[in-house]
Protein chains: 4
Amino acid sequence: MRGGTTRSGKSGQKLWSESTQINHDIEIFTAGDDYILDRYLIHYDCIASIAHAKMLARIGILTAAESKKLIKELKTIRVQAADGSFLITPEQEDVHTAIEQRLIERLGDLGKKIHTGRSRNDQVLTALRLYYIDMLDLVENRINELQASIKKFGKKYGRVVYPGYTHTRKAMPSSFGMWSGMLYDSLADDKRLLKTVTRILDQSPLGTGAGYGVPLAVDRKHTAELMGFSKIQNNPMYAQHSRGKFEGMLLHLLSHIMYDLNRTASDIIFFNIPELGYLQLPDDFTTGSSIMPQKKNPDVLELIRARYHTVAASEMQVRSVAVNLISGYHRDLQEMKEPVMKSFAITSASTYIMSIVFQKMTVDRDACAAALTDELYATDEVYSLVKEGMPFRDAYRNVAQKYRK
Amino acid sequence: MRGGTTRSGKSGQKLWSESTQINHDIEIFTAGDDYILDRYLIHYDCIASIAHAKMLARIGILTAAESKKLIKELKTIRVQAADGSFLITPEQEDVHTAIEQRLIERLGDLGKKIHTGRSRNDQVLTALRLYYIDMLDLVENRINELQASIKKFGKKYGRVVYPGYTHTRKAMPSSFGMWSGMLYDSLADDKRLLKTVTRILDQSPLGTGAGYGVPLAVDRKHTAELMGFSKIQNNPMYAQHSRGKFEGMLLHLLSHIMYDLNRTASDIIFFNIPELGYLQLPDDFTTGSSIMPQKKNPDVLELIRARYHTVAASEMQVRSVAVNLISGYHRDLQEMKEPVMKSFAITSASTYIMSIVFQKMTVDRDACAAALTDELYATDEVYSLVKEGMPFRDAYRNVAQKYRK
Amino acid sequence: MRGGTTRSGKSGQKLWSESTQINHDIEIFTAGDDYILDRYLIHYDCIASIAHAKMLARIGILTAAESKKLIKELKTIRVQAADGSFLITPEQEDVHTAIEQRLIERLGDLGKKIHTGRSRNDQVLTALRLYYIDMLDLVENRINELQASIKKFGKKYGRVVYPGYTHTRKAMPSSFGMWSGMLYDSLADDKRLLKTVTRILDQSPLGTGAGYGVPLAVDRKHTAELMGFSKIQNNPMYAQHSRGKFEGMLLHLLSHIMYDLNRTASDIIFFNIPELGYLQLPDDFTTGSSIMPQKKNPDVLELIRARYHTVAASEMQVRSVAVNLISGYHRDLQEMKEPVMKSFAITSASTYIMSIVFQKMTVDRDACAAALTDELYATDEVYSLVKEGMPFRDAYRNVAQKYRK
Amino acid sequence: MRGGTTRSGKSGQKLWSESTQINHDIEIFTAGDDYILDRYLIHYDCIASIAHAKMLARIGILTAAESKKLIKELKTIRVQAADGSFLITPEQEDVHTAIEQRLIERLGDLGKKIHTGRSRNDQVLTALRLYYIDMLDLVENRINELQASIKKFGKKYGRVVYPGYTHTRKAMPSSFGMWSGMLYDSLADDKRLLKTVTRILDQSPLGTGAGYGVPLAVDRKHTAELMGFSKIQNNPMYAQHSRGKFEGMLLHLLSHIMYDLNRTASDIIFFNIPELGYLQLPDDFTTGSSIMPQKKNPDVLELIRARYHTVAASEMQVRSVAVNLISGYHRDLQEMKEPVMKSFAITSASTYIMSIVFQKMTVDRDACAAALTDELYATDEVYSLVKEGMPFRDAYRNVAQKYRK
């Protein structure tokens, strides 16, 4: 929330002149939380910078020795990122400045050459895209784990019949095989969408500069290959246009997945109310009340349900930031980092927690059996009459008279 | 807006008793605008009902003769739908009742058999899905047309250099080839998403009943094949769950496409302001002012820009209607028809209008040339120094001193 | 949905030249549905035009006789609007053109004078604002009716104790007096917001022209008084800026009210499930199923619940249309009419229907009594121990051991 | 983003058993970031707890001496909160546990008595509401500062005439007095809304327990007075219902204010493009490009523009979290803290930064004068003819012929 807390420290006003204070306030406002969020990007910026350094040697901007020195330093940073020892200070504002400053600090004039042939714009795009593709892979793995949990749940409880609901009212007999299969199949379709999103993201923006190319014969295919992209994103203006557009697509995918979890959590919360009791949750998944000693509340599932809304709102935010604006980079786009990163964190964690829920949750067979009251079979009665030759509408009216008074 | 206008007519209260009036008000509130919107679905419900009738004969519920009679009647309705002569009255509420009533009216008891083995729920799902797939096809064609227009525009004006912008400020030289290519490539990626969405939709829900199957051995594969679906949506609960979920995916796709048009319209409006004048619009695309006789306003492009928001809001509406609810059909889902249909209409029309814009819009070569001021080439100056061996950061600072006073 | 359906008629292409066809398509796209929506505005545009004509006479632009003639004609239109006989054709596009054309048709050159001293922009703003203020009044009346129904319900059933829920689980004893009082009090606060919104809207925009005033000494205070506004909206640019801003505020208010109804409908749907049965709905409020003859579904309440989302999405649409745009009118703003009008219709109808629900709904005292199980009184047990001197936390733990195994 | 990062540390899995790991993961998922966000609430929870302790003495639950001891400790915590020395650990999860634990740690059994007569639910509601009211006061002050800056700007530049725009095209002469007055007046109306929101919030929820009251004769009026509330929120269920409802209203207000800033920032960015140059920004408000040495970009204004979307998305999130749910507390509501706090921070900071912008920004009188081209006066020409007696429509057509070729 750093982008918001300007002019909080009154004491600062004594030490500084008014205009220094104002400059400081503007800096804080402008930097936002990037220096914190960018910790997740150090690894990816190193990968991209390594590819870039190799390419610069290939086209003769750097010597082989210079390129090696830069790469060695970048690999060190990548290692330090993994163990948390590479830090980005608020003054550096973002990961890209922090890395470039480190390179200059260690390698002097050579460090000043790393930014040749690229702009901050394509550098950010590239690091983010590598990060997104990795996160999508993580989310896919989490979905696979959840599907495995669902399958196990289905094996144990799949044949248990319980009352299926429509309009939040008992309707016809269902089974926990059908119920859990609903989520399984829905996730399978989500993965189809995920694969397409990944394929669309899989194009390297490095070398597009600030959206109008670079006046240097950079070898874009080479860096794309080194980073593992299938192809380059050819049009530099499209590379910039895709900032916001791709994030919207990503967040749609994540909220699409969270939607499944929201509805499933809603089912579990409902089927677990003591009045029904079809599903039982272990104590670890419930929380007490500070005033009512008897309570066992399904907080974990409520939070999964609630966090759908955080991801959906993030989607909306990302989708609307750049709308109505002309093409080309605007600083507005910076505001997309936080909602995207937050949504990846929420979606992967929620999917993981849901797979534990499916492992630990049990079905109360007696409660289910007791709930299978006669009227659930009214449709079967209709079809008995249909099989005897009565037109459907007449059979329906016939049985309806019995149940609806 | 029919769902809203209850109790407007004071006169009605004289003729009716209070309770009749209340019942009437409730009916109006409940029916909403479905009887109007459903005109678009007559064709698709006929296709689905024909497949259903064939299948009922195949499994022995209908005789071959009965099935033929029903199909003949349904084909007549389909023809009448095309010329607008099949009407749905407010009292019938929706297309499904209207068609069933017609069949009963014409065929008596036989008409009462058509609903055997299905529920209103899977019937609606099926008609909508057929409609969606057709509309997606239409949208794809419109995108193809737009891409063709862009290509022609690119051939005529592709080499014209104009100032590319970042932060709404002149940045580096661009060309109308690069500019129009941005939209072309973006639409190409949209079509990849469109194809995946179509593939996910391509599963028949017919035979899933009200979400818990039908107590009759319906042949789902047969109806799926007759309607042209590649496979069946096996899990009945998933068929219901996909109502809302699929619509959200569809609307995301449509707003994804509209986003491209919104940004492109923003560019054209800006590049066309007299102070820049890079792009020129023919008079048919502009509108005057009621107070200022000199004005030529780009209303058509403003409306394309604005209608993005209608589609985006529709996406949000559809995505949130069923959230936090348990599984199984709820009447809430009915409210999705209007936003989806409206969004298809907007997206296909906007794409079509944009393809005309690209056909008719011209580039003012002189205005572009005049705008290519020196500072646009500052980056080239930097790279001249880099090529002479100066580290990038030093070259950058060197040139910066010249331009930033 | 007219704004969407261009190029549907293939036959048209034979009769017309290609360019005529294109012009026609653009016209349809541009006009949208305004000619339909504007029926609601005829009355208000007449009021504003009458005030305008009177003022033009006062400042000497019209003679007293001219003014009278115009006013007489405008009053006739207003009467015809009420009985539906004044029509706006698609060609006229909107109410303002339709009225001006009628005046010219009837009064010749005199009709051409009515637009002196105003722009279409302030004309639209004025008609809409008069309409909004009337609609807010209607909504307030509907809230008053609903509160009256709640009071009656409270008198009948207020003392009936039922289990209050937290986390969708029984928590502590509540009463239907407390439950219905929640909505009553919430609506009371809504009305405080409504009054402020009305007060903010209560400033006349007539005379602000296209947002930069009119080069004529119009008497704005006079027209404001004639139309019943408390003051004028002095700054012409603010008058334009308030388009979109005021609509956002209005729609927030409406969705704020619908939020109360959404949550109340959710309660009624839940308390009415047969497993609980605390509340009972008369048959008129329920609907059957096309496959399950036994079902009684609470469709009316589900639709109230669902229509919150339509209003909330409308709010979002209206709020985002003009965002990121510079000041001054844009055609984009036209797209706000439909969501605002729809939301007024939904909110007033839903409030009205909810007041009938509160009149007709009954409480099942036996079901409530049976549901008041022991553990609901656990908090009372804690407080018995507290009153005996045990610290709260110890008392809590003591009772918790009894209930949580 | 803590709520998202479960199972990140692989190493933990070695040290812990699987089930310990799972419990830990669930804890992290459940706690979210509350332990961080709640730092802002320490002060307010202390105020509420002090009032509560005084009241408990008054009704005889605590002795005067006990009450004093608790209050002394709470005042110490409040002081420590101000200098940052009172910490909330992740294990404590939230401010309320942290404070209660401290009291027990220092005062033993007496500490266990502080929670008598309240629930975590009304405790949270109360602390948040006190915080909200304080933040609204801060926002109002910031608006006052901004209005003062606008007034000064208006004094300096108010008479400078520049071309007013409609449809992003020059329309009629405007002045920077009119332009800045637009924001001034709009903020004045925002403050009217702010005052109403504050008044609606100004009702004490303390003593409503978990939404169904407390089985103890707490003196709610007394605590309300001690905390400075004008009245109590009488209905306990309404107190719970207002969680989410009030936050939605708050966030609407904040996004309503941010909307003004978004549109104003859009104007400044546009009027400052070198092609127009009406407004000039000092260097502190602009940022360079990493590739183009000549660039001066208006990042600060772009970020104000962009952060509207963050607040608008927060509004939507808060508005949708609890929708479709039955009454009574749900854990879902916890997810509202972050968007509300973030939005207060953004709105107050953006308003402050905008007031600096108005202090430092200058008007380029020459650029404005040069832009006042003839056609801007076309409407004046029309009115010259009108004054000579020509009907408006004819005068309009007459002048139009001159300008529209």
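Residues numbered from 1 in each chain as written. Chains lettered and ligands numbered in written order. Predicted model: local features only at pLDDT ≥ 70, side-chain atom pairs only at ≥ 80, totals over all residues. Heavy atoms only, no water.

Another point: the relation of the copies chain B and chain D. The two copies are related by a screw operation: chain B maps onto chain D through 180° of rotation and 0.0 Å of translation along the axis, at an RMSD of 0.0 Å. Look at the turn and shift together and you get a two-fold axis relating the two. If distances are taken from each C-alpha of chain B to the rotation axis, the shortest is found for Asn324 of chain B, at 3.0 Å. Most of the interface of chain B is mirrored in chain D, where 98% of its interface residues again form contacts. (Least-squares fit on C-alpha atoms with pLDDT ≥ 70 in both. Contact = heavy atoms within 4.5 Å.)

All names here are of chain B. Spanning 36 residues, helix α10 (residues 236-271) covers 52 Å between terminal C-alpha atoms, matching the ideal 52 Å at 1.5 Å per step. Approximately 45° is the largest bend angle found in α10, and it occurs at Ser242. Taking burial as the measure, the 36 residues of α10 include 36 buried ones, the bulk of the element. Its side-chain oxygen placed 2.9 Å from the backbone nitrogen of Met237, Asn235 serves as the N-cap of α10. (Helix = DSSP H or I, 4+ residues; strand = E, 2+ residues; numbered from the N terminus. Expected span 1.5 Å × (residues − 1). Bend = angle between axes of the 7 residues up to and from the residue. Buried < 20%, exposed > 50% of the residue type's maximum accessible area, 1.4 Å probe, protein only. Polar contact = N/O pair within 3.5 Å; in protein donor to acceptor, adjacent residues only side chain to side chain.)

Okay, the interface of chain D and chain C next. Contacts between the two partners involve 86 residues from chain D, matched on the other side by 86 residues from chain C. Summed over both partners, the interface of chain D with chain C buries about 7800 Å², with 59% contributed by carbon and sulfur atoms. We note a salt bridge from Lys112 of chain C to Asp394 of chain D, for which the minimum N-O separation is 3.2 Å. Scanning the region where chain D abuts chain C turns up 50 residue pairs in polar contact (both at pLDDT 80 or more). Breaking the side of chain D that touches chain C down by element, the ones donating at least two residues are β1 (161-166), β2 (169-175), α8 (176-201), α10 (236-271), α11 (299-321), α14 (378-387) and α15 (392-403) of chain D. Ranked by residue count, the leading element in the side of chain D that touches chain C is α10 of chain D, at 20 residues. Among the residues making up the side of chain D that touches chain C, the classes are represented as 33 nonpolar, 29 polar and 24 charged. (Buried area = accessible area lost by both parts, 1.4 Å probe. Salt bridge = Lys/Arg side-chain N within 4 Å of Asp/Glu carboxyl O. Nonpolar A, V, L, I, M, F, W, Y, C, P; charged D, E, K, R; others polar.)

Another point: the interface of chain B and chain D. Of the residues lining the interface, 52 residues belong to chain B; the matching set on chain D comes to 51 residues. Here chain B packs against chain D, burying approximately 4000 Å² in sum over the two surfaces, 54% of which is carbon and sulfur. Where chain B packs against chain D, one counts zero salt bridges. At the boundary of chain B and chain D, one finds 26 residue pairs in polar contact (both at pLDDT 80 or more). Taken together, the elements giving at least two residues each to the side of chain B that touches chain D come down to β1 (161-166), β2 (169-175), α10, α11 (299-321), α14 (378-387) and α15 (392-403) of chain B. In terms of residue count, α15 of chain B provides more of the side of chain B that touches chain D than any other element does, six residues in total.

We now examine the packing of aromatic side chains. Evaluated as defined, the whole model comprises 98 aromatic pairs over all chains. Where Tyr131 of chain C meets Tyr132 of chain C, the ring centres are 5.9 Å apart and the plane angle is 55°; that geometry is what we call tilted. Each member of the pair Tyr131 of chain C and Tyr132 of chain C is classed as buried. Between Phe153 of chain D and Tyr157 of chain D, the ring centres sit 5.2 Å apart and the planes meet at 55°, which makes this aromatic pair tilted. (Phe/Tyr/Trp six-rings, centres within 6.5 Å; stacked < 30°, edge-to-face > 60°.)

Glancing now at unusual backbone geometry. Located in the positive-phi region is Asn324 of chain B, a residue other than glycine, with phi close to 70°. Among the structural elements, Asn324 of chain B can be located in the loop between α11 and α12 (337-360). At Thr168 of chain D, a residue that is not glycine, the phi angle is positive and equals roughly 55°. Looking at the secondary structure, you find Thr168 of chain D in the loop between β1 and β2. By relative accessible area, Thr168 of chain D is classed as buried at 8%.

With that settled, the discussion passes to the confidence of the model for chain A. Residues and elements named next belong to chain A. Per-chain confidence: chain A averages 92 in pLDDT, with 95% of residues scoring 70 or above. Counting interchain partners and residues more than four positions distant, the pLDDT-below-50 stretch residues 1-15 has 36 contacts. Both confidence scores are given for the complex: pTM 0.95, ipTM 0.93. (pLDDT = per-residue confidence, 0-100.)

All names here are of chain C. Summarising burial for strand β1 (residues 161-166): five of the six residues are buried, a large majority. Note that β1 and strand β2 (residues 169-175) share six bridges and pair antiparallel. For Gly164, the partnering residue across the bridge sits in β2 and is Met172. Here β1 hands over to β2 after two residues, with His167 in that stretch at a positive phi of 55°. (Pairing = 2+ DSSP bridges.)

So, on to the side chain of Gln334 of chain D. Along the chain, the position of Gln334 of chain D falls in the loop between α11 and α12 (337-360). Among the residues examined, Gln334 of chain D registers a relative accessible area of 7% and is labelled buried. Of note is the side chain of Gln334 of chain D, whose polar atom sits 2.3 Å from the side chain of Arg331 of chain D. Once residues lying within four places of it in the same chain are set aside, the contact partners of Gln334 of chain D are Leu303 and Arg307 of chain A together with Thr30, Ala31, Asp34, Arg243 and Tyr329 of chain D.

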